[in-house]
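Each chain is listed here by its residues.
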Amino acid sequence: MPVTEVLISVSEARERILAHVTTLPTENAPLLQALNRVLAKDVYAPFNVPPMANSAMDGYAVRWDDIRGTGPTTPVSLPVVGQVAAGHPSAVPLRSGQAMRIMTGAPVPDGCDTVVQFEETDEMERRARGASSADLTEIGILNPMTRGANVREAGGDVVSGTRIFTAGTLLRAAHVGVLASIGLATVPVIRRPLVAIMATGDELKEPGELLGPGQIYNSNSYAIAAQVLATGAEPLVLPIARDTIADLTTKLEAGLRADLFITSAGVSTGEYDLVKDVLGQQGTMDFWRVRMRPGKPLAFGLLPRRDGTIVPHLGLPGNPVSSMVAFDQFARPAIYKLAGRPAPTHPEVDAELDDTIGPGDGRRAFARAVLTKQLDGYHVRLTGPQGSNLLTSMAAANCLLVVPEEQDIQGIAAGGRVTVQVLEGFEDLLA
Ligand code: AMP
Ligand code: MG
């Protein structure tokens, strides 16, 4: 890759990164491990769900013809010939003129086409008069019902032989439940991406340690790891690398088994910004200035593993907001592609701006903002000051307000129309 020092656009940077990322192979995962991963093959139902007709209510299994015309003043009474509970099918069919007590989920006996729930019978009345369950040898039906009431047909949820999910489906909690309902213990899914994360900087301490003079806590590794987790991928947080060629080179090693290698900081033009030098020595390295704010400096390269394969490396800027925004714009799409997750990665919506945005230098700006749905449509306001070090601005945001390059030069007056990207986890706002 030739070294590029010119300013490139956000979309060009993203395309260049994605060109070096390929979707991971398929594996059979235990059912629960399939959550938030992408189904690799179409899934067909091997049988009906539910497998047998069963009762939707606690009540009485009857033949509808026997209770036709029944009512509160002229109740039809039927002898109760047995009881069916969930998991315990009746050994005998229901004959004409009979009722069976039946519980929710119990298979309806042969011959039964309707279930009358307790509330529509005189059971309460009989109990009030002192009848125990054993005494309930007869039951009065107080309501005519409709034929088929409260009977859940076999295959009502899933019909045997039909395709229930197609390859490419992102598996959420309900999908996991459906797959369990057809008896699958393992599911063919795309392998979960492993993402190595290495913070760099002499000033950094880990949370839990004591801060010395001039030191700050490493927040980037944790924010990035949390962003990785939110995509469904697995983070591998490496120890902090100090700003020396030797330490960076050594600590890098442990992350090479990952599918994506993310470093934080050390990509600006300062004296100790060695990430680009070290990674350039170890592999091939592109150092970019992306026409965006925050997050102008960005490194991208390919690191070789011992076995000759490569791992794509993304060098995020050090400032905590820049790091998170650059992750969102570049790392997240790369992880989605690794994981085979469908687009769109950045759902957008138009909103009315309730603030004023000052003029900038013509970079695409990603302002931290709050999107609300109001009677006249979407409105958006800034979270407050927008410094790239102000991580609480990110915590207060549910969207990124995107100011295109051309508009950034002028700024935007209050009342103007703007485009916002809803942050991961806030997609419900678009519903
Ligand atoms: P650099 O890219 O190394 O010049 O870092 C830019 C800014 O980000 C500096 O103020 C750093 O102290 C800060 N920074 C770098 N790494 C981290 C980190 N892991 N957590 C929080 N802040 C960081
Ligand atoms: Mg630094």
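This paragraph deals with the overall build of the protein chain. Scanning the protein chain for helices and strands turns up ten helices and 26 strands. Sorting the 431 residues of the protein chain into buried and exposed places 48% on the buried side. Long-range pairs, those at least 24 residues apart, make up 72% of the contacts in the protein chain between residues at least 6 apart in sequence. When the accessible area of the protein chain is evaluated, it comes to approximately 19,700 Å², of which 55% is carbon and sulfur surface. One way to put it: in the protein chain the 37 positive side-chain charges average out to a point 3 Å from where the 47 negative ones average out.

Looking now at the domain arrangement of the protein chain. The assigned domain composition of the protein chain is domain 1 (10-25 + 191-338), domain 2 (28-49 + 157-190), domain 3 (54-152) and domain 4 (348-430). Here the C-alpha centroids of domain 1 and domain 4 sit 26 Å apart. Listed per partner, the contact involves 21 residues of domain 1 and 21 residues of domain 4. Buried surface at the junction of domain 1 and domain 4, both sides included, amounts to about 1,700 Å², of which 58% is carbon and sulfur. One salt bridge in this structure joins Asp408 and Arg293, with 2.6 Å as the shortest N-O distance. Taken together, the connections running from domain 1 to domain 4 amount to nine residue pairs in polar contact (both at pLDDT 80 or more). Secondary-structure elements contributing two or more residues to the side of domain 1 that touches domain 4 are helix H5 (220-231), strand E19 (292-293) and helix H8 (320-339). Here the side of domain 1 that touches domain 4 gets nine residues from one element, more than from any other, and that element is H8. When grouped by side-chain class, the residues that make up the side of domain 1 that touches domain 4 number ten nonpolar, six polar and five charged.

This paragraph deals with the site of ligand 1. Surrounding ligand 1, one finds 17 residues, the nearest of these being Glu203, Asn218, Ser219, Gly318 and Asn319. Here Glu203 contributes a side-chain N or O atom positioned 2.5 Å from an oxygen atom of ligand 1. At a separation of 3.3 Å, a nitrogen atom of ligand 1 approaches a polar backbone atom of Asn220. Contact with the protein chains removes 77% of the 480 Å² of surface that ligand 1 exposes when unbound.

For any two helices packed against each other, the geometry comes down to the angle between their axes and how far apart the axes lie. For the pair H5 and H8, the least separation of the axes is 10 Å and the interaxial angle reads 30 degrees. Between H5 and H8, the angle falls in the class roughly parallel. Where H5 crosses over H8, the handedness of that crossing is right-handed. Between H5 and H8, the contacting residues are Asn220, Ala223, Ile224, Gln227, Val228 and Thr231 on the first element and Pro320, Ser323, Met324, Phe327, Asp328, Arg332, Ile335 and Tyr336 on the second. Its residues assigned to classes, the contact of H5 with H8 comprises eight nonpolar, four polar and two charged.

With respect to the element layout, Gln329 can be found in helix H8. Given the relative accessible area of 0%, Gln329 is considered buried. Among all residues touching Gln329, those that are not within four sequence positions of it are Val10, Arg14, Met292, His346, Phe366, Leu400 and Gln421.

This part is about the sheet that holds strand E9 (residues 138-141). Pairing is mixed in the open sheet, where five strands are placed in the order E8-E5-E7-E6-E9. Two strands in the sheet have a free side with no partner beyond their single neighbour: strand E8 (114-117) and E9. Each strand of the sheet is rotated relative to its neighbour by a mean of 40 degrees, with strand direction disregarded. By the bridge criterion, three bridges tie strand E5 (residues 59-62) to strand E7 (residues 99-102) in an arrangement that is antiparallel. Bridge pairing links Ala61 to Met100 in E7.

Sheet architecture is open: seven strands sit in the order E1-E18-E20-E21-E17-E13-E16, paired in mixed fashion. Two strands lie at the open edges of the sheet, namely strand E1 (7-8) and strand E16 (234-237), each paired on one side alone. Across four bridges, the pairing between strand E17 (residues 260-264) and strand E21 (residues 310-316) is parallel. Bridge pairing in E21 places Phe261 opposite His313. Relative to E17, H8 is tilted by about 175 degrees, and along the sheet it contacts strand E13 (194-199), E17, strand E18 (284-290), strand E20 (297-304) and E21.

This paragraph deals with helix H1 (residues 10-18). Within H1, the full set of buried residues consists of Val10, Ala13 and Ile17. When H1 is viewed along its axis, its buried side chains cluster within an angular range of 65 degrees and face the same direction.

Another aspect to go through is the nonpolar core. If you look at the biggest cluster of nonpolar residues, it comprises 42 residues, and the most contacted ones within it are Val290, Leu298 and Phe330. Ranked by residue count, the leading element in this core is H8, at ten residues. The residues touching Leu298, leaving out its near neighbours within four places in the chain, are Ile17, Asp286, Phe287, Trp288, Val290, Leu314, Gly315, Leu316, Pro317, Ala326 and Phe330.

Calculation notes
Residues numbered from 1 in each chain as written. Chains lettered and ligands numbered in written order. Predicted model: local features only at pLDDT ≥ 70, side-chain atom pairs only at ≥ 80, totals over all residues. Heavy atoms only, no water. Helix = DSSP H or I, 4+ residues; strand = E, 2+ residues; numbered from the N terminus. Buried < 20%, exposed > 50% of the residue type's maximum accessible area, 1.4 Å probe, protein only. Contact = heavy atoms within 4.5 Å. Areas by Shrake-Rupley, 256 points an atom, 1.4 Å probe, with all protein chains shown as cover. Lys, Arg positive; Asp, Glu negative; His and termini not counted. Charge placed at Lys NZ, Arg CZ, Asp CG, Glu CD. Domains from an automatic or database assignment. Buried area = accessible area lost by both parts, 1.4 Å probe. Salt bridge = Lys/Arg side-chain N within 4 Å of Asp/Glu carboxyl O. Polar contact = N/O pair within 3.5 Å; in protein donor to acceptor, adjacent residues only side chain to side chain. Nonpolar A, V, L, I, M, F, W, Y, C, P; charged D, E, K, R; others polar. Near = heavy atom within 4 Å. Axes fitted to C-alpha atoms, helices over the stretch in contact; angles between N-to-C directions. Parallel < 35°, antiparallel > 145°, perpendicular 65-115°, else oblique. Left-handed = near helix turned anticlockwise from the far one by under 90°. Pairing = 2+ DSSP bridges. Arc of directions from axis to C-beta. Core = buried A, V, L, I, M, F, W, Y, C linked by side-chain atoms within 4.5 Å.

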